[in-house]
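# Structural overview
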Amino acid sequence: MLKNLWYVVAPSAQLHDQLLPVRLLGQPFVAFRDQAGAVHLLSDICVHRGGALSAGNKIGGEVQCPYHGWRFGGDGICTAIPAQPDLRIPAKARVDAYPTLERYGWIWAFLGDLPEAERAPLPSLDWVDSPDIRVVRGHFDWDASWDRVMENGLDFAHAPFVHGTTFGDPEHPEMASFETHTDDWSGQALMTMRRPVRKGWPFPRPTGAFIEVATQPGFHLSGPCATLALSPRADWKIYIVSAHVPIGPNQTRTWWMMGRSFFRSPLFDRNVIARNNRIFEQDHAVLKNVRPERVPDAWQQEVSVKSDALQIAFRRRIKELAQRGWQIDEAKIAADYTGRTACAVPSPARREVKSWAIEAIPVVPASD
């Protein structure tokens, strides 16, 4: 799991006047809206006696801890200590507060301490807001690591075997060669997917042949998102984005959206959602049993071929970010922190304020 990236917290529509507890990167957070409707995300650990802020109350645009009533604003700074109202509030009475954005119907939070100019951009998902595209949304929970789930979304060689009853073609598993293009934060490929012939309306085709579909899978490390664009027919467009958010070491929540330029009536939505969930269930049946549970650190521990090029590009990128010192040290947390010492993902305020009650989450040291 990596700090210093944008993560999808929840759909905007799920956050109203209540406090919303969220778990990301193995840590607890609380999301809420202030009186102007702006979203805030705080570390969910009160610095006084460790109460869960998310179990408290929202008072105006602030969060009140349920244990002793300490209040914290959207910037994470304590504003009131009810037991001693005349006390000068200590400088360390603050929790980490994270930058947030609302875009494409999702709440995004930057979980790290980088200054704004150094943060990754968000992916471009303009189709979500297009009046010509019908969008459906959902989520799926995995007993699998986020990096394995991400790679699965970039891997079309598994479709004939895992998804032979939905969209893969077991009779034609061959993949033509393709090129992969990457930049600092994303990668994509243009490949040809073969799917079985569908019989009957609206798929009148001769029997006994497969259909080739131009397919553009990709990844973006903000989200972190797996993306897909394809044209099952010349005048049809399908777009899919899946934000595979690490909840814990081997737990992932996927927030997904699918857009279609055809059959835009809401009457088709239920079938589309059910089909997407069925595809995730087929993937989950495999991913919950892979070993090791995480993507291996060394290339030599698995055998890769040309059809794995997009996954390899993804692996290289996250390895580069880990080498910067962005990888959370899960082993150290389990051995030295869990049950003993609270920690939090460091926020940008830690660059200016050096004294904190809650320790910054440990990371694997940077390497060359």
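Note: the structure precedes this text.
First, a word on scope: everything that follows refers to the structure included in this document. In this text the structure is predicted, and so the values were computed from the model without any measurement.

Here we come to empty space enclosed by the protein. Following the criterion strictly, the structure yields two cavities of 30 Å³ or more and no others. A volume near 30 Å³ is recorded for the second largest cavity. Taken together, Ser43, Ile45, Val47, Arg94, Val95, Asp96, Ala344, Arg350 and Ile358 form the lining of the second largest cavity. Here the lining of the second largest cavity is composed, by residue class, of five nonpolar, one polar and three charged.

Right, let's get into the nonpolar core. One finds Leu2, Phe72, Trp106 and Leu111 to be the most contacted residues of the largest nonpolar core, which totals 103 residues. Non-local contacts of Leu2, meaning those with residues more than four positions away in its chain, are made with Tyr7, Leu25, Trp146, Ile318, Leu321, Ala322, Trp326 and Gln327.

Here we come to the layout of surface pockets. Considering only enclosed or pocket space, the second largest pocket measures out at about 500 Å³ in volume. In terms of lining residues, the second largest pocket is bounded by 22 residues, among which Asp147, Val295, Asp297, Ala322 and Gln327 are the most central. Here the lining of the second largest pocket gets five residues from one element, more than from any other, and that element is helix α4 (residues 309-326). A class-by-class count of the residues in the lining of the second largest pocket yields 12 nonpolar, three polar and seven charged.

A word on the pairing of strand β16 (residues 211-220). For β16, a buried count of seven out of 10 residues is recorded, marking the element as mostly surrounded by other parts of the structure. In this structure, strand β14 (residues 186-189) lies alongside β16, joined through three bridges in antiparallel fashion. Residue pairing in the sheet places Gln188 in a bridge with Gly218 of β16. Note that β16 and strand β17 (residues 225-230) share six bridges and pair antiparallel. What sits directly across from Phe219, in β17, is Ala226. In sequence, β16 turns back onto β17 through a hairpin of four residues, with Gly223 there showing a positive phi of about 130°.

Our focus in this paragraph is the packing of helix α1 (residues 146-154) against α4. Their axes nearest at 9 Å, the elements α1 and α4 cross at an angle of 150°. Between α1 and α4 lies a crossing whose hand is right-handed. From α1, Trp146, Asp147, Arg148, Met150, Glu151 and Leu154 reach across to α4, where they touch Leu310, Gln311, Phe314, Arg315 and Ile318. For the contact of α1 with α4, the residue count by class is six nonpolar, one polar and four charged.

This part takes up α4. Here α4 is 18 residues long and its end C-alpha atoms lie 24 Å apart, about the 26 Å a rise of 1.5 Å per residue gives. Buried positions along α4 lie against β1 (5-11), α1, β13 (180-182), β14 and β16.

Summarising the sheet, strand β10 (residues 100-103) and strand β11 (residues 106-111) pair through four bridges and their orientation is antiparallel. Bridging from a neighbouring strand, Thr100 pairs with Ala109 of β11.

What follows is about the sheet that holds strand β8 (residues 78-80). Ordered by their spatial adjacency, four strands build an open sheet running β5-β6-β7-β8, and the pairing between neighbours is antiparallel. Unpaired on one side and paired on the other, β5 (57-59) and β8 mark the two borders of the sheet. By the bridge criterion, two bridges tie strand β6 (residues 62-64) to strand β7 (residues 71-72) in an arrangement that is antiparallel. Within β7, the residue paired with Val63 across the bridge is Phe72.

Rules and cut-offs
Residues numbered from 1 in each chain as written. Predicted model: local features only at pLDDT ≥ 70, side-chain atom pairs only at ≥ 80, totals over all residues. Heavy atoms only, no water. 1 Å grid on protein atoms, 1.4 Å probe; cavity = no way out; pocket = protein on both sides within 12 Å on 5 of 7 lines; lining within 4 Å. Points joined across faces, edges and corners; volume = space filled by probe spheres on them. Nonpolar A, V, L, I, M, F, W, Y, C, P; charged D, E, K, R; others polar. Core = buried A, V, L, I, M, F, W, Y, C linked by side-chain atoms within 4.5 Å. Buried < 20%, exposed > 50% of the residue type's maximum accessible area, 1.4 Å probe, protein only. Contact = heavy atoms within 4.5 Å. Helix = DSSP H or I, 4+ residues; strand = E, 2+ residues; numbered from the N terminus. Pairing = 2+ DSSP bridges. Axes fitted to C-alpha atoms, helices over the stretch in contact; angles between N-to-C directions. Left-handed = near helix turned anticlockwise from the far one by under 90°. Expected span 1.5 Å × (residues − 1).

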